[in-house]
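Here is how the chains run, residue by residue.
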Amino acid sequence: MAAIAIIGGTGVYDPELLEQPTEETVRTAYGDVKITRGFYRDREVIFLPRHGAAHTVPPHLVNYRANIMALKQAGARSILATAAVGSLNPEMRPGQFVFVDQFLDFTKGRKQTFFEGGPEGVVHIDVTEPYCPRLRKILVQAARGLGLPAHDGGIYVCTEGPRFETPAEIKMFRELGGDLVGMTGVPEVVLAREAEICYAAVAMVTNFAAGIAAYRLSHQEVVEMMKVQGENIRRLLLEAVTL
Ligand code: HPA
C-alpha cells in the first residue's frame, strides 16, 4: 500500500479531486487526524487539509507531528504539500509555482522532532537535501507538460506567523538568500524526513512580500490568488500523482 499524500495548504481544502473518497480518523501518539482516502486513475491518494477542513487552525498551531505521523500510519510513502507563499525574488512572480529545494527556519517554539529522548532516543537527521529530488523532478515534468509557469528550486524562509513580515525582515531574508516566505513549511518537511517519507513542496506565489509589494498585505489577497489558481494547482497535483 504505497499511497501518495497531498497536504493541502491555504486555499486547497477540497478532497473532491479524489474518486471514491472515504473519510477516516487516524489516531496517533500526537493526536487524532482526519484524512480522506481515495483514488485518482488507480493511484491511491490520501488528502489532508493542513489548516483543517474549514481553515480553522493557524500556522503556528498546526499539529505538524500528528499530521505527518497520521500520513505515515495511513501508508503514505510520499507527500506533495501545497503552500501559499510571498515572493522575495523578482523572478518568482505571483501566479507561478516554485518547487522548493532548501529552507531557512525562522520559526519559534514549534515541536521540530519525533525524537525527544527517552524511548524514542536522540536522532540527528541529515537535511542536506531536505526536499525529495525525485518528487521535484516529477513536479517539474508535470508543470512543463501542462504548460504551467514553474521554477525548479527556491529557498523557502519559514516564519512563525501568524502575522506577515515587516519590510525590514523581508530585506534581511533576501540578503540571506531567501526566495520565498511562508509560515508552514517547517517543521513539516523535517518531520517527513524523520518519518522517511519523500516530501516535496508545491509553493504557489500569491504576492510579493511586505515592502516589495507597494501595498499592505492581507490574507484575503492570498486566498483570492489561491482561488484563481485553484484549477492549475489541482491539475498539477493530479498530473504529478500519476507520473
Ligand atoms: N508572508 C508569509 N506567508 C505568506 C505570504 C507572505 O507574504 N504570502 C502567502 N503566505
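The coordinates are above.
A. Spotlight on the site of the ligand. Taken together, Ala-84, Val-85, Gly-86, Phe-164, Glu-165, Val-181, Gly-182, Met-183, Thr-206, Asn-207, Leu-217 and Val-222 make up the full set of residues adjacent to the ligand. Interatomic distance of 3.2 Å between a backbone N/O atom of Ala-84 and a nitrogen atom of the ligand. The contact in question runs from a nitrogen atom of the ligand to an N or O atom on the side chain of Asn-207, over 2.7 Å. Per element, the largest residue contribution to the shell around the ligand is three residues, and it comes from strand 5 (residues 76-87). The class makeup of the residues in the shell around the ligand is seven nonpolar, four polar and one charged.

B. Representation of the nonpolar core. Ile-68, Leu-71 and Ile-79 are the most contacted members of the largest nonpolar core, which has 40 residues in total. When residues of this core are traced back to their parent elements, those giving at least two are strand 1 (3-8), strand 3 (31-40), strand 4 (43-49), helix 1 (64-73), strand 5, strand 9 (155-159), helix 4 (185-194) and strand 11 (198-208). With near-sequence residues (within four places) excluded, Leu-71 lies in contact with Ala-5, Ile-7, Ile-35, Ile-46, Leu-48, Ala-76 and Ile-79. Counting residues in hydrophobic clusters, the runner-up holds 30 residues, among them Phe-97, Phe-99, Cys-132 and Leu-238.

C. Region of the structure containing helix 6 (residues 230-242). Between its first and last C-alpha, helix 6 extends 19 Å over 13 residues, near the 18 Å set by a 1.5 Å rise per residue. All of the buried residues in helix 6 are Ile-233, Leu-236, Leu-237, Leu-238, Ala-240 and Val-241.

D. Here's a closer look at the packing of helix 2 (residues 133-146) against helix 6. For the pair helix 2 and helix 6, interaxial distance at closest approach is 9 Å and the crossing angle is 125°. Classed by the angle they form, the pair helix 2 and helix 6 counts as oblique. As for how helix 2 packs across helix 6, the hand of that crossing is right-handed. For the pair helix 2 and helix 6, contact is made by Ile-138, Leu-139, Ala-142, Ala-143 and Leu-146 and by Arg-235, Leu-236, Glu-239 and Ala-240, respectively. Among the residues forming the contact of helix 2 with helix 6, the class breakdown is seven nonpolar, no polar and two charged.

E. Up close: unusual backbone geometry. Looking along the chain, the bond that leaves Gly-161 and enters Pro-162 is cis, with omega of 0°. Following Val-186, the chain continues to Pro-187 via a peptide bond in cis, the omega torsion being 15°. You will see that Glu-196, though not glycine, has its phi angle at about 60°, which is positive. Here Glu-196 falls in the exposed class, since its relative accessible area comes to 70%.

F. Here's a closer look at the pairing of strand 1. For strand 1, a buried count of six out of six residues is recorded, marking the element as mostly surrounded by other parts of the structure. Burial along strand 1 is two-sided: Ala-3, Ala-5 and Ile-7 and Ile-4, Ile-6 and Gly-8, pointing in opposite directions, are all buried. In terms of strand pairing, strand 1 meets strand 5 through five bridges, oriented parallel. Within strand 5, the residue paired with Ala-5 across the bridge is Ile-79. Both strand 1 and strand 4 contribute to a ladder of five bridges, which runs parallel. The partner of Ile-7 across the bridge, within strand 4, is Leu-48.

G. Region of the structure containing the environment of Ile-68. Within the fold, Ile-68 resides in helix 1. Here Ile-68 falls in the buried class, since its relative accessible area comes to 0%. In this structure, the C-alpha to C-alpha distance between Ile-68 and Ala-192, residues 124 residues apart in sequence, is 6.2 Å. Look past the residues within four positions of Ile-68 in its chain and what remains in contact with it is Ile-7, Ile-79, Phe-114, Glu-188, Leu-191, Ala-192, Ala-195 and Ile-197.

H. View of the packing of aromatic side chains. This model, assessed by the stated rule, comprises five aromatic pairs. Taking 6.4 Å as the distance between ring centres and 85° as the angle between the ring planes, the aromatic pair formed by Phe-103 and Tyr-131 counts as edge-to-face. Residue Phe-103 is found in strand 7 (residues 102-106), and its partner Tyr-131 is found in the loop between strand 7 and helix 2; the two are separated by 28 residues along the sequence. As far as burial versus exposure is concerned, Phe-103 and Tyr-131 are alike and both buried. Their ring planes at 40° and their centres at 6.2 Å tell us that Tyr-131 and Tyr-199 sit as a pair that is tilted.

I. Broad picture of a nonpolar patch on the surface. Taken together, the side chains of Phe-106, Met-172 and Leu-176 present a nonpolar region at the surface, about 250 Å² in accessible area. Of note, Phe-106 is situated in strand 7. On the basis of relative accessible area, Phe-106 is assigned to the partly exposed category, the value being 30%.

Basis of the calculations
- Residue positions are given per chain, counted from 1 along the sequence in the order it is written.
- With pLDDT at 70 or above as the cut-off, local features in this predicted model cover only qualifying residues; side-chain atom pairs require 80 or more to be listed or tallied, and sums for whole chains, interfaces and linings still use all residues.
- Hydrogen atoms and water are omitted, and side-chain values are computed over all heavy atoms in the structure.
- For this purpose, a residue is taken to be near a molecule or strand whenever a single non-hydrogen atom of the residue falls within 4 Å of it.
- As used in this structure description, the phrase polar contact means that two N or O atoms lie within 3.5 Å; if the pair is within protein, one of them must be able to donate a hydrogen and the other to accept it, and residues adjacent in sequence are counted only when both atoms belong to side chains.
- Numbering of helices and strands runs from the N terminus; a helix is a DSSP stretch of H or I covering at least four residues, while a strand is a stretch of E covering at least two.
- By the convention adopted, Pro, Cys, Tyr, Trp, Phe, Met, Ile, Leu, Val and Ala count as nonpolar, Lys, Arg, Asp and Glu as charged, and the other residues, Gly among them, as polar.
- For our purposes a nonpolar core is just a set of buried Ala, Val, Leu, Ile, Met, Phe, Trp, Tyr and Cys residues, chained together by side-chain atoms within 4.5 Å.
- Remark: exposure states derive from per-residue accessible area (1.4 Å probe, protein chains only) relative to the maximum for the residue type, with buried under 20%, exposed over 50%, and partly exposed in between.
- In what follows, residue pairs with any heavy atoms lying within 4.5 Å of each other are defined as contacts.
- How far a helix is expected to stretch is found by multiplying one less than its residue total by 1.5 Å.
- The convention used is that axes are lines fitted to C-alpha atoms, helices contributing only their stretch in contact, and that angles between N-to-C directions extend from 0 to 180 degrees.
- Each angle gets one of four labels, with under 35 degrees taken as roughly parallel, over 145 as roughly antiparallel, 65 to 115 as roughly perpendicular, and the rest as oblique.
- By definition, turning the near helix anticlockwise from the far helix through less than a right angle yields a left-handed crossing, and turning it clockwise yields a right-handed one.
- Two strands are said to pair when DSSP picks up at least two bridges between them.
- Here is the rule: rings of Phe, Tyr and Trp (six-membered ring for Trp) pair when centre to centre is within 6.5 Å. Planes less than 30 degrees apart are stacked, more than 60 are edge-to-face, and the remainder are tilted.
- Patches here are clusters of residues that have more than 30% relative accessible area and form no salt bridge, with a 9 Å joining cutoff for like charges and a 5 Å cutoff for nonpolar side chains (Val, Leu, Ile, Met, Phe, Trp, Tyr).
- Where accessible areas are quoted, they stem from the Shrake-Rupley method and a 1.4 Å probe; at the residue level, only the protein chains shown are allowed to cover.
- Basic side-chain nitrogens of Lys or Arg form a salt bridge, by our definition, when they fall within 4 Å of a carboxyl oxygen of Asp or Glu.

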